[in-house]
Structure formats: C-alpha cells, structure tokens
Amino acid sequence: MSIYWDPYDTEIDANPHPVWRRMRDDAPVYFNEQYDFYALTRYHDIEAAHLDPATFSSAHGTVLEIMSRGTHLEASSVIFMDPPGHTQLRALVSRAFTPRRVAQLEVRVREICADLFAEVEGQSSFDFVQDFAARLPSEVISSLLGIPESDRAFARHYIDQMFHIEPGVGMINETSFSAQIALFGYLGEQLEECRKVPRDDMLTALVEAEVTDDDGTTRRLTQTEATAFANLLISAGTETVARLLGNACVVLAAHPDQRADLAADATLVPNAVEELLRYEAPSPVQGRWTTRAVELHGTTIPVDSKVLLLTGSAGRDERKYPDADRFDIRRPIDHHVSFGYGIHFCIGAALARLEGRVGIEEALARYPEWEVDLDNARRLHTSTVRGWLEVPVLV
C-alpha cells in the first residue's frame, strides 16, 4: 500500500503518527506530487536541515500555502529571512525574551492563571482550551506587547481565524485573509499610537528600535517591518502555547498515573513539558526552500524545491527516542526540535516553557483529576499548527 500524507487532510491530521512512522521507515524523503513538496521525517535529517539555512532557506515562506518560486518574503517577517537580515532583526527582540526577563514574569503568569480559573471555580465542567489554555498565552503576550485589555479578546479571535484552513487551499482562504488583514491593521494602528505617545511596552520598543543596514546606515524599522514583527509575536506567542496546554490536558487525562505523579511532585513538571513537546509538537511542520540540489537517502531533492520539515515526526523517531510512542514524564530528553533549531530556534521558547510549566502546575493544584469529553472535543486543523481548539473537561 502506497504512503500518502498531506498537511491539509484533516483525517490524517487527527492522528498522523502511523503514517509518519511509515514515512520514516520507508520514505524518509517523501514526495507529494499533488502539492509538489518533499518532506523529511527523521530526527537527524530535520536537525541537519535546521542547521543549514544556506541550503534550506526560509525566504520563500515557511508555510506550504505561500511557498512558490515567485514568492520572496524576506521583507515581510523575520521568520522568512535568511542571514544577515535575520540576524539583525532577531537581535532586536531577543533582548525581550532573555531567560532572566522571562523568569521575572512567573508571578504575573501565576496571577493570570488564578484569574482564569477563578472564572470557572465551582463549575463541574468547562472548556480547558477556550477558558484557560488559549487565554493564558494571549494575556501574557498581549501584556508584553502593550495591547489594551479591552482589545485582547478581539486579537485572540483573529489569531484563531488566521489559522483557519479549507480543503485543498489550506490557509489561502477568505476567512484567514480577512483575519490577517484585520489583525495587521489593528497592530499598525497601535504602533502609530506608540510613535505619538511612547509607552513602556514592546510595541513602543519596536517603533524606537534601530537596525544597521549592510551599508552601515542606522535606521528605525519601517511600519511594515514593525507591524510584521508585532504580528509574529502575538500570533506565535498565542497559538503554540495554547496547543501545548491543550495537548497536556488530553495526554495527561489519558495517563492518569503520571498525572497523579505530577500533582504530587511539581519538580517533575519541567521535564513533563519537554516530553509533551516531543510527544505532540504544537508546530509539527516547517517549510523551507532548497537553494541547491540535495541528495539524501538515495533521493535527490532538486534546487528550488519546497521541503517540509516534520518536527512532529522527529519527536517520535525511534532512531532518536527509544519506545518513542510511549509518553513518559521521566524520559531523559537531551534535545528535541519542537521549537525548531539553529538560527530560527523559537525566540519565545523560554516564555513558552514558563507558561507550560506554570499552567500545568496551577491546573493540577486545583484539579488533580479530570475527564476529557472526547466526543465533544474539537481539533484545530492547519498546515503548520496542530492541537485542540476545544477540550471540554469534567472536574
């Protein structure tokens, strides 16, 4: 039986691990003729590709729907940049996400958790994602950026809509486009306000930031650059952590003995977060563009090819992780690629880890046991983010 995988197939996306295993074993360099892309599924191949941006470029986009020979996106977002431009812009924001600065946010993250759980206190059921997991990271990143509290629900709604997919076209659809335009326009307005009246937030830092171009000229970010950066931070900072916490809810309910261990011993939670990231990567697919022909496992990937790096598959690669389909909060994990690797390693990884750890700790402190209503749970299907949109729980 032939192997078939594509990121738009919602039935496959519900449980892609069996087909990813077959791809790792029998087609480590997989080609999808319908959508004209190659896919790498083994851990070491994906790690190597992340470390070779000169060959596996991001400049044509990192999402399958927007990747094409006629598309060159370096001016639109740092995640679509290669060095040296990527290096300069990334350095601007990295200062806001140093481990020291992130650690200082822990008190605030716990306060937000407490506020969110207070809203459902006394209820026998609630939606773990919509009432908690999606709102926590949205509140945190919106607070950092300086989004007014009255606008945060609006922003989160459009972020969810941006990742809407439709069969055959993925995120190239009216719902997604409309949401992108609305959010981009809103962030642009906020940045303009920060230019007029500076504030103590990251949006103001973006409009005041200076970069040095290749010719030595120092300049501030253009409106498009600053808006694209803000858009990336709020969307990525919301979506991946929401999926991480939603996955935690479902996976821990399926492993009640390990959930009980975490409830009894919070020191186990940090490693549990890493295991969750490995076991169910929130962002399991990253696109790249080949700048030269690449030969791998007897297959030649031509120059100017779309290549998808399946980090979600890498996390289950038995060549790297023994008994990889087994969830184990005590598993020794020296490294995983669920945050990417190399120059495009997730700039907010430290913050995501903090939110994941604190979110799980605070949930377990209030609800050491829960039951997931899987019949009414609903997945979020996109070509690049994977997880749950709604997870009703009985507590």
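Coordinates for the structure precede this section.
Cut-off values and rules
Residues numbered from 1 in each chain as written. Predicted model: local features only at pLDDT ≥ 70, side-chain atom pairs only at ≥ 80, totals over all residues. Heavy atoms only, no water. Helix = DSSP H or I, 4+ residues; strand = E, 2+ residues; numbered from the N terminus. Buried < 20%, exposed > 50% of the residue type's maximum accessible area, 1.4 Å probe, protein only. Contact = heavy atoms within 4.5 Å. Areas by Shrake-Rupley, 256 points an atom, 1.4 Å probe, with all protein chains shown as cover. Phe/Tyr/Trp six-rings, centres within 6.5 Å; stacked < 30°, edge-to-face > 60°. Lys NZ or Arg CZ within 6 Å of the ring centre and 35° of its normal. Salt bridge = Lys/Arg side-chain N within 4 Å of Asp/Glu carboxyl O. Pairing = 2+ DSSP bridges. Core = buried A, V, L, I, M, F, W, Y, C linked by side-chain atoms within 4.5 Å. Polar contact = N/O pair within 3.5 Å; in protein donor to acceptor, adjacent residues only side chain to side chain. Lys, Arg positive; Asp, Glu negative; His and termini not counted. Axes fitted to C-alpha atoms, helices over the stretch in contact; angles between N-to-C directions. Parallel < 35°, antiparallel > 145°, perpendicular 65-115°, else oblique. Left-handed = near helix turned anticlockwise from the far one by under 90°. Nonpolar A, V, L, I, M, F, W, Y, C, P; charged D, E, K, R; others polar. Expected span 1.5 Å × (residues − 1).

Colleague: Looking at this model, I keep getting lost on the overall build of the protein. Mind explaining?
Modeller: A tally of regular secondary structure across the protein gives 16 helices and 14 strands. Buried residues in the protein amount to 56% of all 395 residues. Sequence separation of 24 or more characterises 69% of the internal contacts of the protein that already satisfy a separation of 6 or more. Taken as a whole, the protein presents about 16700 Å² of accessible surface, with 52% of it coming from carbon and sulfur.

Colleague: Just to check I follow, could you spell out the packing of aromatic side chains for this structure?
Modeller: For the coordinates displayed, the defined rule picks out 13 aromatic pairs. Arranged with centres 4.2 Å apart and planes meeting at 25°, the rings of Phe117 and Phe132 form a pair that is stacked. Linking Phe117 in helix α6 (residues 106–120) with Phe132 in helix α7 (residues 128–133), this pair joins segments that are 15 residues apart in sequence. When its relative accessible area of 2% is taken as the criterion, Phe117 is described as buried. Positioned above the aromatic ring of Tyr279, the side-chain terminus of Arg316 is 3.8 Å from the ring centre. Positioned above the aromatic ring of Trp388, the side-chain terminus of Arg379 is 4.1 Å from the ring centre.

Colleague: Which parts of the structure should I look at to understand the pattern of salt bridges?
Modeller: Note on pairing: side chains with opposite charge can pair once their charged atoms come close. According to the stated counting rule, one finds 31 salt bridges in the structure shown. A salt bridge links Glu275 to Arg331; the shortest N-O distance between them is 3.1 Å. Placement of Glu275 in helix α14 (residues 269–279) and of Arg331 in the loop between α15 (311–314) and α16 (349–366) is noted, with a sequence separation of 56 residues between them. The class for Arg331 is buried, based on a relative accessible area of 5%. Between Glu280 and Arg386 there is a salt bridge whose closest N-O contact spans 2.6 Å. Here Arg386 lies in strand β13 (residues 386–390) and Glu280 lies in the loop between α14 and β7 (286–290), a separation of 106 residues in the sequence.

Colleague: Is there a simple way to explain the sheet that holds strand β11 (residues 371–372) in this structure?
Modeller: To summarise the sheet geometry, strands pair through backbone hydrogen bonds and adopt either a parallel or an antiparallel arrangement. Strands sit in the order β4-β14-β11 across an open sheet of three strands; the sheet is antiparallel. Two strands lie at the open edges of the sheet, namely β4 (125–127) and β11, each paired on one side alone. In this structure, β4 lies alongside strand β14 (residues 392–394), joined through three bridges in antiparallel fashion. Bridging across to β14, Phe126 finds its partner in Val393.

Colleague: I would appreciate a short explanation of the nonpolar core in the present structure.
Modeller: Core analysis: the largest hydrophobic core is formed by 74 residues, its most contacted members being Phe128, Leu136, Ile234, Ile360 and Val391. Among the elements that line this core, the one with the most residues is helix α12 (residues 223–254), at 14 residues. Setting aside residues up to four positions removed in sequence, Ile360 forms contacts with Leu245, Ala248, Leu252, Val269, Val273 and Leu276. Of all hydrophobic cores here, the second largest spans 16 residues; its members include Tyr35, Ala39, Val285 and Leu308.

Colleague: Sorry, what's going on with the sheet that holds strand β2 (residues 37–40) here?
Modeller: Pairing in this open sheet of five strands is mixed, and the strands run β1-β2-β10-β7-β3 from one edge to the other. Edge positions in the sheet fall to β1 (29–32) and β3 (56–57), since each of these pairs with one other strand and no more. Examined bridge by bridge, β3 and β7 share two bridges and lie antiparallel to one another. Each residue of the ladder has a partner; that of Ser57, found in β7, is Trp289.

Colleague: Whenever I open this one, the environment of Glu318 confuses me. Can you help?
Modeller: Along the chain, Glu318 turns up in the loop between α15 and α16. Excluding anything up to four places from it in sequence, Glu318 contacts Arg21, Arg24 and Ala324. At 2.9 Å, the side chain of Glu318 forms a polar contact with the side chain of Arg21.

Colleague: I keep staring at the side chain of Glu65 and nothing clicks. Help me out?
Modeller: One can find Glu65 in the loop between β3 and α4 (85–94). Notably, Glu65 is buried but unbridged: the nearest opposite-charge side chain belongs to Lys306, and the N-O separation is 9.6 Å. Within the structure, Glu65 has its side chain in polar contact with the side chain of Ser383 (distance 2.8 Å).

Colleague: I tried to follow the packing of α6 against helix α8 (residues 135–145) on my own but got confused; where do I start?
Modeller: For any two helices packed against each other, one specifies the inter-axial angle together with the distance between the axes. Relative to each other, α6 and α8 sit at 140°, their axes nearing to 10 Å. Taken together, the axis directions place α6 and α8 in an arrangement best described as oblique. Where α6 crosses over α8, the two elements pack in a sense that is right-handed. Of the residues in α8, those touching α6 at Val109, Ile112, Cys113, Leu116 and Glu119 are Arg135, Leu136, Glu139 and Val140. Across the contact of α6 with α8, the residue classes tally to six nonpolar, no polar and three charged.

Colleague: Help me understand helix α10 (residues 174–196) in this model?
Modeller: Note that an α-helix has 3.6 residues per turn; residues three or four places apart therefore point the same way. The terminal C-alpha atoms of α10 lie 33 Å apart, and with 23 residues this matches the ideal 33 Å at 1.5 Å per residue to within 8%. Taken together, the buried positions of α10 are occupied by Ser176, Ala179, Leu183, Tyr186, Leu187, Gly188, Gln190, Leu191 and Cys194. Where α10 is buried, its residues touch α9 (152–162), α11 (202–208) and α12.

That's the geometry; what it means functionally is another story.
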